Amino acid sequence: IDGRPRVGARLVAKRGRWQGTSLRYTVTWQRCRAGCVEIATGAAYRARARDRGARLRVEVFARNALGTAAALSRRTPPVR
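Residues numbered from 1 in each chain as written. Predicted model: local features only at pLDDT ≥ 70, side-chain atom pairs only at ≥ 80, totals over all residues. Heavy atoms only, no water.

Caption draft 1: The arrangement of the sheet that holds strand β2 (residues 24-32) in detail. An order of β3-β2-β5-β6 is seen for the 4 strands of this open sheet, with the pairing classed as antiparallel. The two strands at the open ends of the sheet, each matched to only one other strand, are β3 (36-41) and β6 (67-72). In this sheet, adjacent strand axes meet at a mean angle of 30° when their direction is disregarded. Bridge analysis of β2 against strand β5 (residues 55-64) gives 9 bridges, and the strand direction is antiparallel. The partner of arginine 24 across the bridge, within β5, is arginine 63. (Pairing = 2+ DSSP bridges. Helix = DSSP H or I, 4+ residues; strand = E, 2+ residues; numbered from the N terminus. Axes fitted to C-alpha atoms, helices over the stretch in contact; angles between N-to-C directions.)

Shown next as structure tokens:
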């Protein structure tokens, strides 16, 4: 995840490296406190006031005719 985890900041997810052909990607953003919940989809996310104190992470799904694979990012430091 590129960007500083601060309220109002725009964060950008990196897909990472995948192998395969005809891959389609989906990115979901998660807010993590005691557990993690999905809060948005897309390559970018603007941190909101409700994210303050939580950590963010992304889950990237890669799909093609052979199936789907997923990968989780590391969590950001707490949103300030």
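Moving on from the coordinates now.
Caption draft 2: Up close: the side chain of aspartate 51. Within the secondary structure, aspartate 51 is located in the loop between β4 (44-46) and β5. The buried category is assigned to aspartate 51, whose relative accessible area is 0%. Contacts of aspartate 51, omitting those with residues within four sequence positions, involve Arg31, Arg33, Ile39, Tyr45, Arg46, Leu56 and Val79. (Buried < 20%, exposed > 50% of the residue type's maximum accessible area, 1.4 Å probe, protein only. Contact = heavy atoms within 4.5 Å.)

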